[in-house]
Amino acid sequence: QVQLVESGGGLVQTGGSLNLSCAASGSAWTIHSMGWYRQAPGKQRAVVAISTTNGRTTYGDDAKGRFTISRDFAKNTVHLQMNSLKPEDTAVYYCHGAEGRYEYWGKGTLVAASS
């Protein structure tokens, strides 16, 4: 049973930075796709950034230029460096993993940027 555990959320002032981390356990291999989604109150869950083992990286429009995703394939971890945070970045951030037909979600970590 693969489990994803996030850490690093919190409250920051506008313009501040946070680094989110997600560690996968229970997988015998490197998970092909790992990344981050977020869900703000009253909104649908949306992609923030995704990284795959073949080197492909995808960012949501709101993350481009401010957020950077990175992975440690050996440790099956994924990180999200978030800079220049805005109040509209406030959301629960979920770690996501996908391998073939299998999909995994973390429980989420709250990020709040105050104005």
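Up top is the structure.
Residues numbered from 1 in each chain as written. Predicted model: local features only at pLDDT ≥ 70, side-chain atom pairs only at ≥ 80, totals over all residues. Heavy atoms only, no water.

Looking at this structure, how should I read the overall build of the chain?
A tally of helices and strands in the chain yields 0 helices and 11 strands. Helices and strands in the chain line up, N terminus first, as β-β-β-β-β-β-β-β-β-β-β. Relative to the 2.2 N^0.38 estimate, which gives 13 Å for 115 residues, the radius of gyration of the chain is 13 Å and therefore close to what a compact globule would have. Here the chain holds 115 residues, and 43% of them are scored as buried. Within the chain, counting contacts between residues at least 6 apart in sequence, those at least 24 apart form 53% of the total. Entry remark: accessible area of the chain is about 6,400 Å², with carbon and sulfur atoms responsible for 49%. With 11 positive and 8 negative side-chain charges, the chain shows a spacing of 1 Å between the two charge centroids. (Helix = DSSP H or I, 4+ residues; strand = E, 2+ residues; numbered from the N terminus. Rg over C-alpha atoms; globule rule 2.2 N^0.38 Å. Buried < 20%, exposed > 50% of the residue type's maximum accessible area, 1.4 Å probe, protein only. Contact = heavy atoms within 4.5 Å. Areas by Shrake-Rupley, 256 points an atom, 1.4 Å probe, with all protein chains shown as cover. Lys, Arg positive; Asp, Glu negative; His and termini not counted. Charge placed at Lys NZ, Arg CZ, Asp CG, Glu CD.)

Help me out: how do you make sense of the side chain of R71 in this one?
The topology assignment puts R71 in strand β7 (residues 67–72). Looking at R71, its side chain comes within polar contact range of the main-chain oxygen of H32, at 3.1 Å. Separated by 2.9 Å, the side chain of R71 and the backbone oxygen of S51 make a polar contact. Aside from chain neighbours lying at most four places away, what touches R71 is T30, I31, H32, S33, M34, S51, T52, T53, N76, T77 and V78. (Polar contact = N/O pair within 3.5 Å; in protein donor to acceptor, adjacent residues only side chain to side chain.)

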